[in-house]
Amino acid sequence: MDESRQIRNFILKNFLFSEDEGSLSDEESLIASGAIDSTGVLELIMFIEETFQIKVADEEMIPENLDSVQKIIAYLHGKRSSQG
Amino acid sequence: MARSLPDSVRSHAFDAPENIAITMGSRSHTYGQLWREIIAFAEWLKGTGFKAGDRAAIVLANCPEAVIACYGTWMAGGIAVPMNSQAKSRELAPWLRHCDPAVLIHESGNTDMEPLLESLATRPRLLVVGEEPKRIPGARFNEVVASRSLSVETVSAPRLDDTPAMILFTSGTTGSPKGVTLSHRNIASNAAAVIEYLELTAADSIVSVLPFYYAYGNSVLSTHLAVGGRVVLELNMVFPHAVVETIARERVSGFSGVPSTFALLLSRVDLSRHDLGSLRYLTQAGGPMAVALTRRLLSALPSARLFVMYGQTEATSRLTWLPPEMLGSKIGSAGKAIPGVEIEIRSGRQRSIGADGIGEVWARGENVMLGYWRDEARTSEVLSDGWLRTGDMGRIDADGYLFLEGRRTDMIKVGANRIYPNDVEEAIAEFPGIAEVAVVGIEDELLGQVVKAFIVPGVAGSVDKMAVLAHCRAGLAPYKIPKHIEFVDALPKTASGKINRGALAVAAVTREES
């Protein structure tokens, strides 16, 4: 399964309680749509760390990195390229 | 303060037009610009036939437009009704039917607007903030406020009197919503008291994460605009790191929160790595904060003074405050009455039951609401001879400091949000195959409480948990969705047949811990 699908499925199952992939676009803001809150974002970070074997640093926990599937994918790519 | 709030903002617009009033991200409004847009909004309203006493429903997250809509409504002689922007159509509809607004201001992309409008017998005139495909007809906010106003110089602001200025709904879907109705005098007098003890001036600025549609967030906004200060908007605490960076970057002097705000800051951000030396004051309300958390906060931000406060929407916002220097000797106290307010403890018909006697907290002052909107029966239950019955239990010690001893209602507090169990239970009960449901608040390390639902399935047997949660998501604001669901055979009842929430709360804690 590709990464964006993995992330989307996690969000659908845990925050939107849906199996309908069409109900979440890659660009949709997870905060503005009410999908994640203060505790939801922690669950999302744990999922990202476990699934993609990275460590999300405190200063990386910002909307620019985590507020949509697309942003999470871009963040993962950036993180990997910076780690060489 | 002898001025209404819009009159104060008006004076800042003429005395210090270049001073910044509101900052959000890269956008800033000076007082001069803010006032021009407020007047343009008021003129547009009046042009639509909006009359004195008409209501404008404002369904917006914190943004400059929410401020302009509120003050513009006041300048048109109307009543501003800020509504929870996270609410779904089933929650918004009863509020709208109850206050019957002439105008509704909402954000583009709010997918709940279409079903909401279809459910209303009378459609208000719509005004849309942001870019919106022309799906729903309505004027555009940016076009309305861009129009050149003729009367900026000459228009006079509402007087400081008992004219209704704002309705804040404190509960929703139970058929008869409670709309706390506040006058210009209520709002201005409560702001003046807070300004006095926080010693706010035009040099002050604050990062605000608390929604304007709640009394606390509204008070943070009112107090800072009243002195000509600056309000820096951050939408929420989902990313505490971003909030801390804003505090550091903007060099603000204040920050306000509920216990979960500070729990999130302390648990998720290493504050010592940021220069937060500009912070002069922190305010905390929205329920008691654990002593350990208070001590950690004080040690993490030594330059700031922490003001613990208590109040309720029916009292505009604030009733008591604890002077920072008393935190040591009176820790755990909600403080003493704010300027202009009296509090007393009553037990049954007995008034002023003496030091440390436990009873119900009553309050009197210019901040006490006019009443619940169009609901005399409920108003008379809480207002008596100018006194407000708060519903909170407490005692006042020999030095005059209030200690709260719990609430008489079952309200659940999730972060800065207050939830009436009935609202969630009604939504869940609509799902097919459920015989009975009860929800309680259970402790949560970060949010204070989260919602747990106990569900008794109907005769058909099993109920799909995911489907129940999806149903909740469709009909309830996100913070009301249960974090935990437990299916049970029966609910504990009292002798009179009511659900025994106390027993359920104990059961909830025991089971989640095991």
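Residues numbered from 1 in each chain as written. Chains lettered and ligands numbered in written order. Predicted model: local features only at pLDDT ≥ 70, side-chain atom pairs only at ≥ 80, totals over all residues. Heavy atoms only, no water.

**Here we look at the overall build of chain B**
Counting secondary structure elements, chain B contains 15 helices and 28 strands. The principal-axis extent of the C-alpha atoms belonging to chain B is close to 70 × 55 × 50 Å. Going through the 514 residues of chain B one by one, you find that 60% of them count as buried. The long-range fraction of contacts in chain B, counting pairs at least 24 apart against all pairs at least 6 apart in sequence, stands at 67%. Where the 52 positive side-chain charges of chain B centre and where its 56 negative ones centre are 1 Å apart. (Helix = DSSP H or I, 4+ residues; strand = E, 2+ residues; numbered from the N terminus. Buried < 20%, exposed > 50% of the residue type's maximum accessible area, 1.4 Å probe, protein only. Contact = heavy atoms within 4.5 Å. Lys, Arg positive; Asp, Glu negative; His and termini not counted. Charge placed at Lys NZ, Arg CZ, Asp CG, Glu CD.)

**Regarding the packing of helix α2 (residues 31–47) of chain B against helix α3 (residues 64–75) of chain B**
Residues and elements named next belong to chain B. As a packed pair, α2 and α3 sit with axes 8 Å apart at the nearest point and diverge in direction by 55°. For the element pair α2 / α3, the angle class is oblique. Between α2 and α3 lies a crossing whose hand is right-handed. Residues L34, W35, E37, I38, I39, F41, A42, L45 and K46 of α2 touch α3, and the partners they reach there are V67, I68, A69, Y71, G72, T73 and M75. In terms of residue class, the contact of α2 with α3 is built from twelve nonpolar, two polar and two charged. (Axes fitted to C-alpha atoms, helices over the stretch in contact; angles between N-to-C directions. Parallel < 35°, antiparallel > 145°, perpendicular 65-115°, else oblique. Left-handed = near helix turned anticlockwise from the far one by under 90°. Nonpolar A, V, L, I, M, F, W, Y, C, P; charged D, E, K, R; others polar.)

**Looking at the confidence of the model for chain B**
Reading predicted coordinates in detail is not appropriate for stretches of low pLDDT. Confidence in the prediction of chain B, expressed as mean pLDDT, is 91, and 96% of residues score 70 or more. Under the prediction, the complex receives an ipTM of 0.83, its pTM being 0.91. (pLDDT = per-residue confidence, 0-100.)

**A look at unusual backbone geometry**
Residues and elements named next belong to chain B. For R251, which is not glycine, the phi dihedral falls at a positive 50°. A positive phi angle, near 50°, is found at D385, a position not held by glycine. Position of D385 among the secondary structure elements: in the loop between β21 (383–384) and β22 (387–396).

**Remarks on the environment of A40 of chain B**
Here A40 of chain B is to be found in helix α2. A sequence separation of 104 residues divides A40 of chain B from V144 of chain B, and the C-alpha atoms of the two residues are 6.8 Å apart.

**A closer look at the packing of helix α10 (residues 259–268) of chain B against helix α11 (residues 291–300) of chain B**
Residues and elements named next belong to chain B. Between α10 and α11, the shortest axis-to-axis distance is 10 Å and the interhelical angle comes to 55°. Our classification of the angle between α10 and α11 gives oblique. Every pair of crossing elements has a handedness; the one defined by α10 and α11 is left-handed. The segment α10 lies against α11, with P259, F262, A263, L266 and S267 engaging L293, R296, L297 and A300. When grouped by side-chain class, the residues that make up the contact of α10 with α11 number seven nonpolar, one polar and one charged.

**With respect to the pairing of strand β28 (residues 484–487) of chain B**
Residues and elements named next belong to chain B. For strand β27 (residues 448–457) and β28, the ladder comprises four bridges, and the chain directions are parallel. Residue pairing across strands places K452 opposite H484, the latter belonging to β28. Of the crossover connections in this fold, the one passing from β27 over helix α14 (residues 465–475) to the parallel β28 is right-handed. (Pairing = 2+ DSSP bridges. Right-handed = clockwise from strand over helix to strand, strands pointing away.)

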